[in-house]
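# Residue-level structure breakdown
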Amino acid sequence: MSTMIFVNLPVKDLDATKAFWGKLGYSFNPQFSDDRTGCLVISDTIFAMLMTEDRFKDFATKDVADATKTTEVMLALSAESKEKVDEVVGAALAAGGTEPRPAQDLGFMYGRAFEDLEGHVWEYVWMDPAAVQG
């Protein structure tokens, strides 16, 4: 069995967060979702557990970071092309996200980032397979 990752993130408005990710083409696993948690399916092995702040506090032993004021984490996901990077980030911006910095084009690698409605930073990155193999 492949290792799976479940990234746990606090959110203030779960319904708005679910609508945001739906506009980017993502779905939620209803088996692991309820009125305080949405299980965002990123891939077969990658999930984000988006929890209301009160639910998140059930697991946290420290103060919950306000992602609009501090950087708690930067999540990076791969994309199959530069065009896909632009497509996903474009959809995020159209859905109400913001772009914290300009695109980075290093030739062999292209990436853009967006902040979701809660301020969490998500990066989408394409890397030339030849550069990875070399």
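Source: prediction; values computed, not measured. (Residues numbered from 1 in each chain as written. Predicted model: local features only at pLDDT ≥ 70, side-chain atom pairs only at ≥ 80, totals over all residues. Heavy atoms only, no water.)

### Comments concerning the side chain of His-120
With respect to the helices and strands, His-120 occurs in the loop between strand E7 (109-115) and strand E8 (121-127). A distance of 2.9 Å separates a polar atom in the side chain of His-120 from the backbone oxygen of Pro-10. One polar contact links His-120 to Glu-72, side chain to side chain, over a distance of 2.2 Å. The contacts of His-120, once residues within four sequence positions are left out, are Leu-9, Pro-10, Val-11, Ala-67, Glu-72, Phe-114 and Glu-115. (Helix = DSSP H or I, 4+ residues; strand = E, 2+ residues; numbered from the N terminus. Polar contact = N/O pair within 3.5 Å; in protein donor to acceptor, adjacent residues only side chain to side chain. Contact = heavy atoms within 4.5 Å.)

### Re the sheet that holds strand E2 (residues 27-28)
Strands sit in the order E1-E4-E3-E2 across an open sheet of 4 strands; the sheet is mixed. Taken across any chain shown, the strands that pair with only one partner, and hence form the sheet edges, are strand E1 (5-11) and E2. Most of the contacts of helix H1 (residues 14-23) go to strand E4 (residues 46-52), to which it runs at about 150 degrees, and overall it touches E1, E2, strand E3 (37-41) and E4. (Pairing = 2+ DSSP bridges. Axes fitted to C-alpha atoms, helices over the stretch in contact; angles between N-to-C directions.)

### Here's the deal with empty space enclosed by the protein
Considering all chains together, one arrives at 1 cavity of 30 Å³ or more under this definition. If you add up the space inside the largest cavity, you get close to 40 Å³. If you go around the largest cavity, the residues you meet are Pro-10, Lys-12, Glu-53, Ala-65, Ala-67, Glu-118 and His-120. Looking at the lining of the largest cavity, its residues break down into 3 nonpolar, 1 polar and 3 charged. (1 Å grid on protein atoms, 1.4 Å probe; cavity = no way out; pocket = protein on both sides within 12 Å on 5 of 7 lines; lining within 4 Å. Points joined across faces, edges and corners; volume = space filled by probe spheres on them. Nonpolar A, V, L, I, M, F, W, Y, C, P; charged D, E, K, R; others polar.)

### A short note on the layout of surface pockets
Volume-wise, the largest pocket comes out at about 200 Å³. In terms of lining residues, the largest pocket is bounded by Leu-24, Tyr-26, Ile-42, Ser-43, Ile-46, Leu-77, Ser-78, Ala-79, Glu-80, Lys-84, Val-88 and Tyr-124. At the level of secondary structure, the elements contributing two or more residues to the lining of the largest pocket comprise strand E5 (74-78) and helix H3 (82-94). For the lining of the largest pocket, a count of residues per class yields 8 nonpolar, 2 polar and 2 charged.

### Let's talk about the pattern of salt bridges
Going through the model one piece at a time under the given rule, you end up with 10 salt bridges. In this structure, the salt-bridge partner of Asp-58 is Arg-36, at a minimum N-O distance of 3.5 Å. On the criterion of sequence distance, the pair formed by Asp-58 in the loop between helix H2 (53-57) and E5 and Arg-36 in the loop between E2 and E3 is long-range, its members being 22 residues apart. The class of Arg-36 is partly exposed, set by a relative accessible area of 27%. Linking Asp-86 and Arg-112 is a salt bridge whose minimum nitrogen-to-oxygen distance equals 3.0 Å. (Salt bridge = Lys/Arg side-chain N within 4 Å of Asp/Glu carboxyl O. Buried < 20%, exposed > 50% of the residue type's maximum accessible area, 1.4 Å probe, protein only.)

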